[in-house]
Amino acid sequence: MTTSRGPRRALIAGNWKMNPASREEAVGLANTVVRAVEDLEATTVLCPPTMWLVPVASAIDGRVGVGAQTMAAEEAGAFTGETSPLMLRGIADWVILGHSERRHYNGETDETVRRKVVSAVDHGLRPILAIGERLEERKAGATEAVIDRQLRIGLTDIRRIAGSGLVIAYEPVWAIGTGNAATGDDAQGAAAQIRGILRELDADGANEIPILYGGSVTPDNAREFFAQPEIDGALVGGASLDATAFGRIVARAAELRG
Ligand code: PEP
């Protein structure tokens, strides 16, 4: 679909993190979300825990997208507990990479994320590359420097942005799960910086890359983000576990960006 902002369709991804606890709840949530969003003019992606990828993908049967929350860069081998891009093929089309919880609790560095991003693209998966500053970095005035570093390193090995399927999610760490969302202006500022770097890397491809905002998005504040010219959607954590709230966020995106 082509909008006044270019060829980017609204995109909302739900990051379920380590929820819900049972397969039945996961399938039930997925089915309820599908009913809420399937007629809306927006791309919706559900990212359940690895354990529930197969039952969720089977239940929704292509009616919305399915994404993994992480993956290994490697195809196979001695990587205990990991999931390879080969294993995701045919189950997930998307994968969140570089989420701040992976960076902070699992020791993922910019270099780790770089290897995963190129591996995802090489295996035909669409990476949702999450970047963003921590509170102390923001207080130190380092927000732009952190975005610049995480984005450039994350994309080092991407030969061509055009056609890569890449998505960038700006997620200030201090806004994730805190109820303290960024302002629309701040998110727009970061998204504009990201778009500028993408243009430097690939003047032609930059406009096709969706840029999402993530961090305490709710149905009540979603409009503020989707009204910004460089924000194409959201990466939603907590609110994605409530099908009604998540459906309302997708509806807002479809209204403003569809
Ligand atoms: C996230 O986990 O990516 C996220 C944005 O979480 P929340 O919406 O709960 O802040």
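Residues numbered from 1 in each chain as written. Predicted model: local features only at pLDDT ≥ 70, side-chain atom pairs only at ≥ 80, totals over all residues. Heavy atoms only, no water.

Visitor: Sorry, what's going on with the overall build of the chain here?
Guide: In terms of regular secondary structure, the chain is built from 10 helices and eight strands. Here the C-alpha radius of gyration of the chain, 17 Å, is about what a compact globule of 258 residues would show, namely 18 Å. C-alpha atoms of the chain, sized along the principal axes, occupy 45 × 45 × 35 Å. Considering the chain as a whole, with its 258 residues, one finds that 55% of them fall into the buried category. Sequence-distant contacts in the chain: of pairs separated by 6 or more residues, those separated by 24 or more amount to 74%. Carbon together with sulfur atoms contributes 49% to the accessible area of the chain, which is approximately 11,000 Å² in total. Averaged over its 27 positive side-chain charges, the chain has a centre that lies 1 Å from the centre of its 34 negative ones. (Helix = DSSP H or I, 4+ residues; strand = E, 2+ residues; numbered from the N terminus. Rg over C-alpha atoms; globule rule 2.2 N^0.38 Å. Buried < 20%, exposed > 50% of the residue type's maximum accessible area, 1.4 Å probe, protein only. Contact = heavy atoms within 4.5 Å. Areas by Shrake-Rupley, 256 points an atom, 1.4 Å probe, with all protein chains shown as cover. Lys, Arg positive; Asp, Glu negative; His and termini not counted. Charge placed at Lys NZ, Arg CZ, Asp CG, Glu CD.)

Visitor: Any chance you could explain the sheet that holds strand β4 (residues 94–97) here in plain terms?
Guide: Strand pairing in a sheet takes place through backbone hydrogen bonds and is either antiparallel or parallel in direction. The strand order β1-β2-β3-β4-β5-β6-β7-β8 describes a closed barrel built from eight strands, whose pairing is parallel. Each strand axis lies, on average, 25 degrees off the axis of its neighbour in the sheet, ignoring direction. The pairing of strand β2 (residues 43–47) with strand β3 (residues 65–68) spans two bridges and is parallel. In the sheet register, V45 faces β3, and the bridge partner there is G65. Of the strands in this sheet, β1 (11–15), β2 and β8 (233–236) are in contact with helix α10 (residues 243–257), which crosses β1 at around 160 degrees. (Pairing = 2+ DSSP bridges. Axes fitted to C-alpha atoms, helices over the stretch in contact; angles between N-to-C directions.)

Visitor: What am I meant to see in the site of the ligand here?
Guide: K17, E171, G177, S216 and G237 are the nearest of the 14 residues found near the ligand. At a separation of 3.4 Å, an oxygen atom of the ligand approaches a polar side-chain atom of N15. Against a free-state accessible area of 290 Å², the protein chains account for coverage of 96% of the ligand. Classifying every residue of the shell around the ligand by side-chain character gives four nonpolar, eight polar and two charged. (Near = heavy atom within 4 Å. Polar contact = N/O pair within 3.5 Å; in protein donor to acceptor, adjacent residues only side chain to side chain. Nonpolar A, V, L, I, M, F, W, Y, C, P; charged D, E, K, R; others polar.)

Visitor: Is there a simple way to think about the packing of helix α5 (residues 110–122) against helix α7 (residues 143–154) in this case?
Guide: The relative placement of two packed helices comes down to the angle between their axes together with the axis-to-axis distance. Here α5 crosses α7 at 40 degrees, and the two axes come no closer than 8 Å. Overall, the two elements α5 and α7 adopt an arrangement that is oblique. Across from D110, E111, R114 and V117 in α5, the residues of α7 making contact are R149, Q150, I153 and G154. Looking at the contact of α5 with α7 residue by residue, the class counts come to two nonpolar, two polar and four charged. (Parallel < 35°, antiparallel > 145°, perpendicular 65-115°, else oblique.)

What is shown is where atoms sit, not what they do.
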